[in-house]
Amino acid sequence: MRFPFQNSYGFNKNAEVLRIDYAISPRANFFFRWADDSQRETNLQGIFGSTPYPIAPQFRAKPGSSWSWNLVNVLSPSTTNEFIFTYNHLTQVVDIIEGTDPGQYDREKLGFTFREIYPESNLRNKFPRFNCGIGSCNFSQFSAGWLSEGKTFAVTDNITKNMGAHTLKFGGLWNRNDNGQQPAWTDALSINFGPSTENPGDTGNTFSNMLLGRYTSITQSNGRFYGDFRFYGYELYAQDTWKVNRRLTLEFGLRWAYYGPTYTHGRFLQNYFDPGRYRAAEAAVLDLRPGLRQGSIMGGNPFNGMVEEGKGIPKGFARHRYNNYGPRFGFAYDPFGDGKTSIRGGGGVFYERIRQNVNNFDGLGNPPLVYNPNLYGGQIDQVSPALIAGGTRFPVNLSAFDPAGQVPTIYSWSLGIQREVGFQTAIDVSYVGNAGRYLQYRRDLNQLPLGTTTRPGALTPVNGVVNALRPYLGFGSVNFTEFGAVSNYHGLQARLSRRFARSLTANASYAWSKAISEVDGDGAGIGYFLDRRREYGPASYDRTHTLTFDYVYELPGFAKSNGAAKALFNGWQLNGITRFATGNPATITSNANPGTLGGGVRADYTGGDLNPATRDRFNYFNIFAYARPAEGSLGNLGRNTLRLPGINQWDISLFKNTRITERVSLQLRFESFNTFNHTQWGAVSTGINAPNPGQPLTQATRGAAGQVVDTRDPRTMQLGVKLLF
């Protein structure tokens, strides 16, 4: 029996802005600004997870608004004060689309009359999660009722004082952020019908077990824990713009910042893992006996090293750092005094807040707050909360971070020369650099040294239970955020600009640059926890060469007097952006067992030309120059050694501007992106998969390795109308 259907994805976004300006007096001005930027997406098969059929269609809504109140007072002819209060609110919701017939997803209406072990976790009373064992009959949808809320309050005050050749500016900022979110949870009962000798009614077939209601194991989260998170920030600054003479201007400044750690408050508090509190004498005892419960916790302290918010630790667990001083310096110098040449330079120290999404929101899911008991071997119609007492606890993964809590820091500098070369044209050549320090990265504290599990007989004493070899028993991966990664950027940037004259303005920009890093994002992890420097290489966002042209040209108006002809033939405008860039780097990975209970394996380079004899979409790089590493090793390749396809993009638009009245005009817009429909290769399959350790790829084993698996967008055209008044 077949039930054909077509999935449907929808996306809507609305932007609304309101601004009110009010001149209170000749010396005081006030303005209020409100902006709403709401969006909503829908998917019949689910958001962040899918079902094979449109049974419980989901939406993801992101309503967000911002309010700003600004008051500027002229206190004296030389002094002004600016006061700003802002409030921002962003909500995210993932839920079942309103109006969906409950008969499609409601467990009782669908005939699932058996009970759950934690009914309160199933906010929408959804059908259970299970796999039939045949085809695509797998129902494991993302939880319904997921909610995230963020509110930010900020007060800023700036004072500007003119004192002859000096313009002084100083002020401060206070802000508070209130966020609410829950970690991922298993909302509906999750059932495993797979064959097992420990299932009393096992038939030896998943589908048969399902039809007879004979489960092998079941689990469900013990609740949906919506937590309240908060942080505070304070900043002070002072700067002086000193016009030394008509040719030289200097800028001096200093900024101090306190970025308080995020902490939990209210009903549910975060539990943090502190390696210093872990006691080997209290280590969890794992069940090494064969069977479904093998590897489960049967004794000891399953919460060894965990400490709850407010129990003898600083708010947010991390050290509160107050020594964040950011000096700034800049200058502008006219060497010839003719106003046509300028030499500019500067530098400063900048700080960044630690990202909450990595360390906090998922951290609320740490034990002992969150519990997913496993129950084994029974009839589905006999499930009830009474079975929880017999549940089995297994080691779980932790989200943790270093309590030292260093603040990510960027050191930035630049030096450039600007010169007017005539014909309304100027050239700008600059060197720009920055260095990132104390950047976030994640490593698994519970990894094993290289080659541990691949040594002969290493798993025999623990009967194959790899978690029994980990340093922190009772836990799986301990995903630990530290603040020690580094990055560096150096770039030569050049720009040729023509100001708007004779109906034309245009720019040509070129950058030669190199970005190097250990990780490329706050939540990025390193493959092997004992060798962070192995990750140091070209950043995944690095582009060696980038060339961009942009222009606006107002076409000549051919009609001079006839009103209809002027409306038709005049007011045309040609615009365009053309971009050429080298590709981003990528890492060539490989299958292998490093014996660490972790990943990070890269291919072995065995020699030969890295480029194929003929490059096409099936052979982007020479895959036969690589092999699968030996067991217990990570491969000899560095990070990001391959360059992906570059960019060759032409975007051209044609506008028609028609004045209706003195204050009202109409603009017709015809816009095209990738105008010439040039095929641009995108992603490339960079993972090799060889059958045996130390074996290079062959034509028979290459799979999709080296093939282009995606392209950038084809030509897209759109029409638009703008009414300007």
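Residues numbered from 1 in each chain as written. Predicted model: local features only at pLDDT ≥ 70, side-chain atom pairs only at ≥ 80, totals over all residues. Heavy atoms only, no water.

Undergrad: When you look at the overall build of the chain in this model, what are you seeing that I'm missing?
TA: A count of helical and extended segments in the chain gives three helices and 38 strands. With the principal axes as the frame, the chain shows a C-alpha extent of 90 × 60 × 60 Å. Relative to its 725 residues, the chain shows a buried fraction of 44%. Considering only intrachain contacts with a sequence separation of at least 6, the fraction spanning at least 24 residues in the chain is 72%. When the accessible area of the chain is evaluated, it comes to approximately 36,400 Å², of which 56% is carbon and sulfur surface. For the chain, the distance from the average site of its 72 positive side-chain charges to the average site of its 55 negative ones is 5 Å. (Helix = DSSP H or I, 4+ residues; strand = E, 2+ residues; numbered from the N terminus. Buried < 20%, exposed > 50% of the residue type's maximum accessible area, 1.4 Å probe, protein only. Contact = heavy atoms within 4.5 Å. Areas by Shrake-Rupley, 256 points an atom, 1.4 Å probe, with all protein chains shown as cover. Lys, Arg positive; Asp, Glu negative; His and termini not counted. Charge placed at Lys NZ, Arg CZ, Asp CG, Glu CD.)

Undergrad: Please clarify how the nonpolar core should be interpreted in this entry.
TA: In terms of nonpolar packing, the biggest core is built from 23 residues, with Leu189, Ile191, Ile218 and Ile380 touching the most fellow members. Setting aside anything within four residues of it in sequence, one finds Ile380 in contact with Phe114, Leu189, Ile191, Gly213, Tyr215 and Ile218. In this structure, Ile623, Leu644, Val684 and Val708 belong to the second largest nonpolar core, which totals 17 residues. (Core = buried A, V, L, I, M, F, W, Y, C linked by side-chain atoms within 4.5 Å.)

Undergrad: Honestly, the packing of aromatic side chains in this entry has me stumped. Any pointers?
TA: Each aromatic ring pair is summarised here by two numbers: the centre-to-centre distance and the angle between the ring planes. What the rule picks out here adds up to 30 aromatic pairs. Taking the centre distance of 5.3 Å and the plane angle of 45° together, the rings of Phe32 and Trp69 count as tilted. With Phe32 in strand E2 (residues 28–43) and Trp69 in strand E4 (residues 64–76), this residue pair connects regions lying 37 residues apart in the sequence. You can call Phe32 buried: its relative accessible area is 14%. (Phe/Tyr/Trp six-rings, centres within 6.5 Å; stacked < 30°, edge-to-face > 60°.)

Undergrad: Explain the pairing of strand E5 (residues 79–96) to me, please; I cannot follow it from the model alone.
TA: Consecutive residues of a regular strand have side chains that alternate between opposite faces of the sheet. With four bridges connecting them, strand E3 (residues 58–62) and E5 associate as antiparallel partners. Directly across from Gln58, in E5, lies its bridge partner Ile96. Two elements, E4 and E5, share 12 bridges in a ladder whose sense is antiparallel. Along E5, the bridge assignment pairs Trp69 with Phe85. From the end of E4 to the start of E5, which pair antiparallel, there are two residues. (Pairing = 2+ DSSP bridges.)

Undergrad: How should the sheet that holds strand E7 (residues 138–139) be read in this particular structure?
TA: Consider a sheet: its strands pair through backbone hydrogen bonds, and that pairing is either parallel or antiparallel. If you walk across this open sheet you meet the five strands as E7-E6-E10-E11-E21, and the pairing is mixed. Here the strands that pair on one side only, and so sit at the sheet edges, are E7 and strand E21 (374–379). Bridge count for strand E11 (residues 214–219) against E21 is five bridges, and the pairing is antiparallel. Following the sheet pairing, Ile218 is matched in E21 by Leu375.

Undergrad: How do you make sense of the environment of Phe83 when you look at a structure like this?
TA: Within the secondary structure, Phe83 sits in strand E5. Phe83 sits 29 residues away from Phe112 along the chain, and the two C-alpha atoms are 60 Å apart. Not counting residues up to four positions away in its chain, the partners in contact with Phe83 are Trp69, Asn70, Leu71, Val155, Thr156 and Asp157.

Undergrad: Got a minute to help me understand the pattern of salt bridges in this structure?
TA: Charged atoms that come close allow side chains of opposite charge to pair. Scanning the entire structure with this criterion turns up 27 salt bridges. Close ionic contact of Glu198 with Arg293 constitutes a salt bridge, the shortest N to O distance being 3.7 Å. Here Glu198 is found in the loop between strand E10 (190–192) and helix H1 (206–212), whereas its partner Arg293 is found in the loop between strand E16 (285–286) and strand E17 (297–299), with 95 residues between them in sequence. Residue Glu198 is classed as partly exposed on the basis of its relative accessible area of 32%. Note that Arg628 is salt-bridged to Glu631, the shortest N-O span being 3.3 Å. Overlapping salt bridges, with partners in common, bring together Lys126, Arg129 and Asp187 in one network. (Salt bridge = Lys/Arg side-chain N within 4 Å of Asp/Glu carboxyl O.)

Undergrad: Explanation requested: the state of the cysteines in the structure shown.
TA: By definition, a disulfide is the covalent link that joins the sulfur atoms of two cysteine residues. Taken as a whole, this structure holds one disulfide when the rule is applied. The disulfide bridge from Cys132 ends at Cys137, spanning 1.9 Å between sulfur atoms. The two residues Cys132 and Cys137 agree in class, both being buried. (Disulfide = S-S within 2.5 Å.)

Undergrad: Teacher, can you tell me more about the pairing of strand E28 (residues 545–554) here?
TA: Bridge count for strand E26 (residues 504–517) against E28 is nine bridges, and the pairing is antiparallel. Counted as the bridge partner of Thr505 is Val552 from E28. Sheet analysis places E28 next to strand E29 (residues 572–581), joined by nine bridges and oriented antiparallel. Of the residues in E29, the one forming a bridge with Glu554 is Gln573.

Undergrad: Explain the environment of Arg532 here, please?
TA: Within the fold, Arg532 resides in the loop between E26 and strand E27 (537–538). Residue classification places Arg532 among the partly exposed residues on the basis of a relative accessible area of 25%. Taking the C-alpha atoms as reference points, Arg532 and Ala592, 60 residues apart in sequence, are found 20 Å from one another. Apart from the residues lying within four places of it in its own chain, the contact partners of Arg532 are Tyr441, Gly484, Ala485, Glu518 and Ile526.

Undergrad: Is there a simple way to think about a nonpolar patch on the surface in this case?
TA: Taken together, the side chains of Val421, Ile427, Val429, Leu492, Leu496, Tyr510 and Trp512 make up a nonpolar region of the molecular surface, amounting to roughly 580 Å² of accessible area. If you list the elements that add at least two residues to the nonpolar patch, you get strand E24 (425–444), strand E25 (475–501) and E26. Looking at the element boundaries, Leu496 is found in strand E25. Looking at Leu496, the relative accessible area reads 41%, which means it is partly exposed. (Patch = residues over 30% accessible without salt bridge, like charges linked within 9 Å, V, L, I, M, F, W, Y side chains within 5 Å.)

Read these as spatial facts, not as claims about activity.
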